[in-house]
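# Summary of structural features
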Amino acid sequence: MDPIESITPYKDTTLAMMLAAQARGWIVHSIDQKDLFLDQGRAFARRRKVTVYDDNTHWFDAEEPVDAPLSEHDIILMRKDPPFDMDFIYTTYILERAAVEGVYVSNRPNSLRDVNEKLYTAWFSEFCPPTLVTTSAKRLKAFIEHHQDAIIKPLDGMGGAGIFRLTPNDPNINIILEQATLDDSRQIMAQRYVPEIKDGDKRVLVVNGEAMPFALARVPAQGETRGNLAAGGRGVPVAITDKERRIVDAVSPYLLERGLLFVGLDVIGSYLTEINVTSPTCVRELDAHMHKENGTTTTSSNGYTPGIADIYLDALEKQL
């Protein structure tokens, strides 16, 4: 994961997973990406045993770090945030070695490499808005002129970074396309603008192939196109629709086949726009809403209230 010191605890999904694991008696360790290493083909890490708390000011205690083989673990959750760069790819190879040694790694490392969060939507284009992936600024400009309003975005980002909304009359269209494509040398994605973004970019969580009953509609801030929470969007839990269930039904068999047990589908209006497999979030917000909807006021004897993370951990336990 990203350094546990740096997370925002009240909305961090990885912390929710750690709390759920600890509540069922699992021993939990935290590993930073930089602390993974290979020695004679075996996977190791400098790890810290942690105790976690549902506390926004003191959310963990950690023991002194030690070097240990990853094969000592039963399960490893790969929850490192993008950017999806070469260091991220190297991490998947090290984790793949751990999987060879008998550790269950989720999401599956080779699938994290194969399933680009933007490009994999091409396998389900019937659910997507008109989409173009190209290095060519000329093709992108023609796409924008044809649709009159479009979103362009890099293929390796997160949190709304590098996203632009462009119309044919934008005075900066040429320079933006030149910079986004690195002068016709980098593949980027363009999608027809979907005006329903004003109602939110919905994150639909798919856990072990099943859609969670509520999605988080990330509503853009005033004067903003992007709904990403990192870009100032406001999260509003909403019941998922029949259309969103049909998308999940179409996509989930392919996710399960690839060992992708915790996935976030992004849906705007009725269109699938991204398939997030690296470190999908929104669990904390959805758990709070579902507990309220269900009238959950009591916790277990250890002070923990089960939620979406427990559905994920149940699925992982079945793999052992």
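Now for a look at the structure at hand. A quick note: this is a predicted structure, and the numbers were derived from the prediction, not measured.

## A look at the overall build of the chain
- For the chain, the count of helices and strands is eight helices and 17 strands.
- By the compact-globule yardstick of 20 Å for 320 residues, the chain fits well, its C-alpha radius of gyration being 20 Å.
- Dimensions of the chain, computed from C-alpha atoms along their principal axes, come out at roughly 60 × 55 × 35 Å.
- When each of the 320 residues of the chain is scored for burial, the buried share is 50%.
- Excluding contacts between residues fewer than 6 apart, the proportion of contacts in the chain whose partners are at least 24 apart in sequence is 65%.
- Split by element, the accessible area of the chain, about 15,300 Å² in all, is 48% carbon and sulfur.
- With 34 positive and 46 negative side-chain charges, the chain shows a separation of 4 Å between the mean positions of the two kinds.

## A word on the pairing of strand 9 (residues 150–154)
- Counting buried positions along strand 9 yields five of five residues, so the element is predominantly enclosed.
- Burial along strand 9 is two-sided: Ala150, Ile152 and Pro154 and Ile151 and Lys153, pointing in opposite directions, are all buried.
- Across three bridges, strand 9 lies against strand 10 (residues 164–166) in antiparallel orientation. Residue pairing in the sheet places Ala150 in a bridge with Leu166 of strand 10.
- Bridge analysis of strand 9 against strand 11 (residues 188–192) gives five bridges, and the strand direction is antiparallel.

## Some remarks on the pattern of salt bridges
- Enumeration over the complete set of coordinates arrives at 20 salt bridges.
- Linking Glu101 and Arg42 is a salt bridge whose minimum nitrogen-to-oxygen distance equals 3.7 Å. With Glu101 in the loop between helix 2 (86–100) and strand 7 (104–106) and Arg42 in strand 3 (residues 42–52), this residue pair connects regions lying 59 residues apart in the sequence.
- On the basis of relative accessibility, which here comes to 25%, the residue Glu101 falls in the partly exposed class.

## Quick notes on helix 7 (residues 283–294)
- Counted at 1.5 Å a residue, the expected span for helix 7 with its 12 residues is 16 Å, and the 16 Å between its end C-alpha atoms agrees.
- All buried positions along helix 7 are accounted for by Val283, Arg284, Leu286, Asp287, His289, Met290 and His291.
- Those residues of helix 7 that are buried lie in contact with helix 1 (13–23), strand 12 (201–207), strand 14 (214–219), strand 15 (234–239), strand 16 (262–268) and helix 8 (308–319).
- Backbone geometry just after helix 7 places Gly295 at a positive phi near 70°.

## Quick word on the sheet that holds strand 11
- An order of 8-11-9-10 is seen for the four strands of this open sheet, with the pairing classed as antiparallel. With one partner strand each, in any of the chains shown, strand 8 (131–134) and strand 10 form the two edges of the open sheet. Each neighbouring strand pair of the sheet contributes to a mean axis angle of 25°, computed without reference to strand direction.
- Strand contacts of helix 5 (residues 173–180): strand 9, strand 10 and strand 11, with the helix running at about 140° to strand 10, the strand carrying the most contacts.

## Focus: helix 1
- With nine of its 11 residues buried, helix 1 lies for the most part within the structure.
- Among the residues of helix 1, Thr13, Thr14, Leu15, Ala16, Met17, Met18, Leu19, Ala20 and Ala21 are the ones counted as buried.
- If you follow the buried residues of helix 1, they end up packed against strand 1 (29–30), strand 3, strand 6 (75–77), strand 16, helix 7 and helix 8.
- A distance of 3.1 Å separates the backbone nitrogen of Thr14 from a side-chain oxygen at the start of helix 1, and that oxygen is part of Asp12.
- Positive backbone phi, approximately 90°, marks Gly25, located one or two places after helix 1.

## A short note on the environment of Gly235
- Note on placement: Gly235 falls in strand 15.
- For Gly235, a relative accessible area of 35% gives the class partly exposed.
- In the structure, Gly235 is positioned 77 residues away from Tyr312 in sequence and 22 Å away in space, judged by C-alpha atoms.

## A few points about unusual backbone geometry
- Of note, the amide linkage connecting Pro82 to Pro83 takes the cis form, showing an omega dihedral of 25°.
- Its location among the elements puts Pro83 in the loop between strand 6 and helix 2.
- Here the bond from Ser106 into Asn107 is cis, since omega is -5°, no more than 30 degrees from zero.
- Along the chain, the position of Asn107 falls in the loop between strand 7 and helix 3 (109–114).
- One non-glycine residue with positive phi stands out, namely Cys282, at about 95°.
- Within the secondary structure layout, Cys282 lies in the loop between strand 17 (271–276) and helix 7.

Cut-offs and rules
- Note that residues are indexed from 1 along each chain, following the sequence as it is written.
- Only residues with pLDDT of at least 70 get local features here, since the model is predicted, and only at 80 or more are side-chain atom pairs given and counted; chain-wide, interface and lining totals rely on the full set of residues.
- Remark: hydrogens and water are excluded; side-chain values derive from all non-hydrogen atoms of the structure.
- Put simply, DSSP H or I for four residues or longer makes a helix, DSSP E for two residues or longer makes a strand, and each gets a number counted from the N terminus.
- Only the C-alpha atoms count toward the radius of gyration. The rule for a globule is 2.2 Å times the residue count to the power 0.38.
- Using a 1.4 Å probe on the protein chains alone, a residue whose accessible area is under 20% of its type maximum counts as buried, one over 50% counts as exposed, and one in between counts as partly exposed.
- In what follows, residue pairs with any heavy atoms lying within 4.5 Å of each other are defined as contacts.
- Only the protein chains shown count as covering a residue, and every accessible area follows the Shrake-Rupley method with a 1.4 Å probe.
- All tallies of charge rest on Lys and Arg as positive and Asp and Glu as negative; His and the ends of each chain are not included.
- For the purpose of locating charges, the reference atoms are NZ of Lys, CZ of Arg, CG of Asp and CD of Glu.
- Whether two strands pair depends on DSSP finding at least two bridges between them.
- A pair is scored as a salt bridge if a Lys or Arg side-chain nitrogen falls within 4 Å of a carboxyl oxygen belonging to Asp or Glu.
- By this rule the span expected of a helix is its residue count minus one, scaled by 1.5 Å.
- Between the N-to-C directions of two axes lies an angle of 0 to 180 degrees, each axis being a line fitted to C-alpha atoms and, for a helix, fitted only over the stretch in contact.
- Whenever two N or O atoms come within 3.5 Å, that pair is a polar contact, provided that in protein one can donate a hydrogen and the other can accept it, and provided that, for residues adjacent in sequence, both atoms are side-chain atoms.

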